[in-house]
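# Structural overview
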Amino acid sequence: MSYEAATDLEAAPPAGGGSIFGRLVEGLNALGSVVIGLVMILMCADVLLRNLLNRPIDGVAELVATSIIVIVFLQLPATLRNGRMSRADLFIDPFVQRRPAAGRRLRALFSVAGVFACAVIAYASWPMLRKAWSADEFLGVEGVFTFPIWPMRLVVVVGAALAAVQYVLLAVQDWTQARQATAPASEERHV
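Below is a short write-up of the structure. (Residues numbered from 1 in each chain as written. Predicted model: local features only at pLDDT ≥ 70, side-chain atom pairs only at ≥ 80, totals over all residues. Heavy atoms only, no water.)

With that settled, consider the nonpolar core. Counting 25 residues, the largest nonpolar core has Phe73, Leu74 and Cys118 as the members making the most contacts within it. When residues of this core are traced back to their parent elements, those giving at least two are helix H1 (20-52), helix H2 (60-81), helix H4 (100-134) and helix H5 (150-190). When sequence neighbours within four positions are dropped, the list of residues in contact with cysteine 118 reads Leu76, Ala160, Ala163, Ala164 and Tyr167. (Core = buried A, V, L, I, M, F, W, Y, C linked by side-chain atoms within 4.5 Å. Buried < 20%, exposed > 50% of the residue type's maximum accessible area, 1.4 Å probe, protein only. Helix = DSSP H or I, 4+ residues; strand = E, 2+ residues; numbered from the N terminus. Contact = heavy atoms within 4.5 Å.)

It is worth spelling out H1 at this point. Taking 1.5 Å of rise per residue, the 33 residues of H1 would be expected to cover 48 Å, and the 47 Å separating its terminal C-alpha atoms lies within 8% of that figure. Residues of H1 that are buried include every one of Phe21, Gly22, Val25, Leu28, Gly32, Val35, Val39 and Asp46, and no others. Following H1 by one or two positions, asparagine 54 has its phi on the positive side, about 55°. (Expected span 1.5 Å × (residues − 1).)

Once that is clear, we can look at the packing of helix H3 (residues 89-98) against H4. Following both chains from N to C, one finds H3 and H4 inclined at 140°, their axes separated by 5 Å at the closest point. Taken together, the axes of H3 and H4 are oblique relative to one another. As for how H3 packs across H4, the hand of that crossing is left-handed. Contacts between H3 and H4 involve Phe91, Ile92, Phe95, Val96, Gln97 and Arg98 on the former and, on the latter, Pro100, Ala102, Gly103, Arg104, Leu106, Arg107 and Phe110. (Axes fitted to C-alpha atoms, helices over the stretch in contact; angles between N-to-C directions. Parallel < 35°, antiparallel > 145°, perpendicular 65-115°, else oblique. Left-handed = near helix turned anticlockwise from the far one by under 90°.)

Right, let's talk about the packing of aromatic side chains for a bit. Using the criterion set out here, one finds 3 aromatic pairs in the structure. Ring centres of tryptophan 133 and tryptophan 150 lie 4.8 Å apart, and the angle between their planes is 80°; this geometry places the pair in the edge-to-face category. Within this pair, whereas tryptophan 133 is found in helix H4, its partner tryptophan 150 is found in helix H5, the two being separated by 17 residues in sequence. Residues phenylalanine 145 and phenylalanine 147 carry aromatic rings whose centres are separated by 5.8 Å and whose planes lie at 50° to one another, so their mutual orientation is tilted. (Phe/Tyr/Trp six-rings, centres within 6.5 Å; stacked < 30°, edge-to-face > 60°.)

Structure representation (structure tokens):
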């Protein structure tokens, strides 16, 4: 769950399988990997059928486009949890090393911004999910290939909400570590 712990690729997973939240996040990450595999198989089959038999698979473009969104939101919470989110390390990592308490507070502030962004995505996507479900919205060409879009909308809402929760956990972790880093210094001054 921390930035530093996630950099050790040789580290063993937590004993006992971790928290329920952690298992949920990692399970969705694994599901995202399965979707990636299925998309690769679908694309290869479409290319082969298109070139060898002149029989492309209907709806591949729509399925691939939708799958990219699904994959991103299935894997986003685990990406955060494992410290793999893209960020500019040029400034923050040296700052954390030089000034641990201030650096961790800054990371906590960045995490709060992440909570806000992911919460806005989940909140804004909720009405679209309800509409897709109630109106039975489909994507594709009617009579050729269609599929419901509510599963994609559900993954966006759930993935963004779980990412917001993960950002909260990271913010709390950084804030707690910042307080611990300043506690010995303040105790020494009172002696």
